[in-house]
Amino acid sequence: MKIMVTGGAGFIGSNFVHYVVDNHPDVDIVVLDKLTYAGNKANIADVLGDHVKLVVGDICDAELVDKLMPEVDAVVHYAAESHNDNSLKDPSPFIQTNIVGTYTLIQSARKYNKRFHHVSTDEVYGDLPLREDLPGHGEGVGEKFTPDSPYRPSSPYSSSKASSDLLVRAWVRSFGLRATISNCSNNYGPYQHIEKFIPRQITNILSGIKPKLYGTGKNVRDWIHTNDHSAAVWKILTEGKIGETYLIGANGEKDNKTVLEGILRLMGKPEDWYDQVKDRPGHDLRYAIDATKLRTELGWEPKYTNFEDGLKHTIEWYTNHEDWWKDEKAAVEAKYKANGQ
Ligand code: NAD
Ligand code: DAU
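Residues numbered from 1 in each chain as written. Chains lettered and ligands numbered in written order. Predicted model: local features only at pLDDT ≥ 70, side-chain atom pairs only at ≥ 80, totals over all residues. Heavy atoms only, no water.

Under the annotation held in an unreviewed UniProt entry, the protein chain carries the name dTDP-glucose 4,6-dehydratase and is attributed to Lacticaseibacillus thailandensis DSM 22698 = JCM 13996. Here is the UniProt Catalytic activity (unreviewed entry) comment for the protein chain, exactly as written: "dTDP-alpha-D-glucose = dTDP-4-dehydro-6-deoxy-alpha-D-glucose + H2O". Within the UniProt record for the protein chain, the comment given under Cofactor (unreviewed entry) is "NAD(+)". (UniProt positions renumbered as here; feature names shortened; annotations may be inferred.)

Dropping the structure here:
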């Protein structure tokens, strides 16, 4: 089997490439990645060779995509502009990569009749009320996202991902594209860009900078270790039903303040050693995934469910890989500072 992994030099894509190399060493992989600010060849340098090749290029480049497509059996599509805060500053690359890029890939997959897996986000469903504001603290039916939840995206990022999901669905129905979709919750683990919440705070502490919490810190994210996401995507790619959408989540709901206090504690700092900064406009309150369909129909179970352990390993990874993030740190923080964050 030979697969194309778009965005395979980014955070989740590179973890997926490692997952496949470790668990299915007979599979050949072509990574198609533009190496934007978020992509880094170093993320997959250790596995490049006979089984894993990197093609540096744009998923919007139809000629290149058409050249690579006939060589592969399937596409796993991770490439995207992925950061909400950036999308609020300048939506245009999000429209281009997330919508036009997905369109370019599915047109080609359709032309060459290839299996296509589209990696998406729970943010397409908008947000949920905080549990404290719900009767029975949100344990009732409909209190988590399910594959039937309405699309209600809030940001330019999430609306561009929602658009791409809808394109894939339409290509399945109208053109018989052999595609599946997964919508996953917030990932954490190694190789995550330091603009994102958890690595930003870890590298702040390592740099002697106070962590930055948006608004009240009550916003809830449903954390999943990226290795569990990779295993789920592999299951869906190989056993999922064409045309279906699977939600991926590991019951990891935590509010941002609690996550930050955990990081501070594990790094030997007082739990209140942080600044509260300007909130994100349109900041989604809570995400929570009901992954029943994936668990019952495909038998997937998350393995990395001890969040404190996962956080400890992630802190260790950033501590031991200063050369991976150090050069970018000042510029990332300067950008946030200019925004009051
Ligand atoms: P990332 O920003 O770390 O990586 C994105 C990768 O895509 C980078 O390597 C980048 O170079 C590449 N890329 C960007 N534009 C490209 C283009 N035009 N052509 C080719 N390559 C391009 O993102 P991530 O956090 O790893 O997210 C990967 C995917 O997973 C995205 O589709 C995202 O929407 C989805 N997702 C992310 C999360 C999360 O918590 N980070 C959760 C659910 C779903
Ligand atoms: O839910 C899945 C999504 O998770 C993915 O689709 C996105 O690609 C991914 O970036 C992530 O989106 P979030 O916006 O939830 O992630 P982020 O790491 O930017 O922020 C997580 C939470 O932390 C969010 O409530 C905002 C808050 N935050 C973020 C930063 C960068 C802070 O409080 N301080 C910060 O410095």
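Let us keep going from here.
Engineer: Residues and numbers for the site of ligand 2, please.
Structural biologist: Ligand 2 sits among 25 residues. The nearest are Asp122, Tyr157, Arg200, Arg280 and His283. Between Arg200 and ligand 2, the recorded distance is 2.7 Å, taken from a side-chain N or O atom to an oxygen atom. The side chain of His283 places a nitrogen or oxygen atom 2.6 Å from an oxygen atom of ligand 2. Elements with a minimum of two residues in the shell around ligand 2: α6 (197–206) and β8 (212–214). Class assignment of the residues belonging to the shell around ligand 2 gives a composition of 7 nonpolar, 10 polar and 8 charged. (Near = heavy atom within 4 Å. Polar contact = N/O pair within 3.5 Å; in protein donor to acceptor, adjacent residues only side chain to side chain. Helix = DSSP H or I, 4+ residues; strand = E, 2+ residues; numbered from the N terminus. Nonpolar A, V, L, I, M, F, W, Y, C, P; charged D, E, K, R; others polar.)

Engineer: Residues and numbers for the packing of α6 against helix α8 (residues 256–266), please.
Structural biologist: Geometry of a packed helix pair, given as the angle between the helix axes and the separation of the axes. One can describe the packing of α6 onto α8 by two numbers: an axis separation of 10 Å at closest approach and a directional angle of 35°. As α6 runs across α8, the sense of the crossing is right-handed. Each of Phe197, Ile198, Gln201, Ile202 and Ile205 in α6 lies in contact with α8, whose residues at this interface are Asn256, Val259, Leu260, Ile263 and Leu264. Class assignment of the residues belonging to the contact of α6 with α8 gives a composition of 8 nonpolar, 2 polar and no charged. (Axes fitted to C-alpha atoms, helices over the stretch in contact; angles between N-to-C directions. Left-handed = near helix turned anticlockwise from the far one by under 90°. Contact = heavy atoms within 4.5 Å.)

Engineer: Please provide a residue-by-residue account of the side chain of Asn219, values included.
Structural biologist: As for its placement among the helices and strands, Asn219 is situated in the loop between β8 and β9 (220–222). Only 3.3 Å separates the side chain of Asn219 from the side chain of His283, close enough to count as a polar contact. Among the polar contacts listed, one links the side chain of Asn219 to the backbone oxygen of Asp284, at a separation of 3.0 Å. Those residues in contact with Asn219 that lie beyond four places of it in its chain are Lys254, Asp255, Asn256, His283, Asp284 and Leu285.

Engineer: Lay out helix α5 (residues 156–175) with the relevant residues and their values.
Structural biologist: With 20 residues, α5 ought to run about 28 Å at 1.5 Å a step, and its terminal C-alpha atoms sit 28 Å apart, in line with that. Buried positions along α5 lie against α3 (84–89), α4 (92–111), β5 (115–121) and β6 (179–184). The first or second residue beyond α5 is Gly176, which carries a positive phi of 70°. (Expected span 1.5 Å × (residues − 1).)

Engineer: Tell me what's going on with the packing of aromatic side chains, and back it up with residues and numbers.
Structural biologist: Taken as a whole and assessed by the stated rule, the structure comprises 14 aromatic pairs. When the ring of Tyr103 is compared with that of Trp171, the centres are 6.0 Å apart and the planes differ by 90°; the resulting orientation is edge-to-face. In this pair, Tyr103 sits in helix α4 while Trp171 sits in helix α5, placing the two residues 68 residues apart along the sequence. Tyr103 sits in the partly exposed class, given a relative accessible area of 38%. Judged by its relative accessible area of 12%, Trp171 falls in the buried class. Seen from their ring centres, Tyr188 and Phe307 are 5.0 Å apart, and the 65° between their planes marks the pair as edge-to-face. (Phe/Tyr/Trp six-rings, centres within 6.5 Å; stacked < 30°, edge-to-face > 60°. Buried < 20%, exposed > 50% of the residue type's maximum accessible area, 1.4 Å probe, protein only.)

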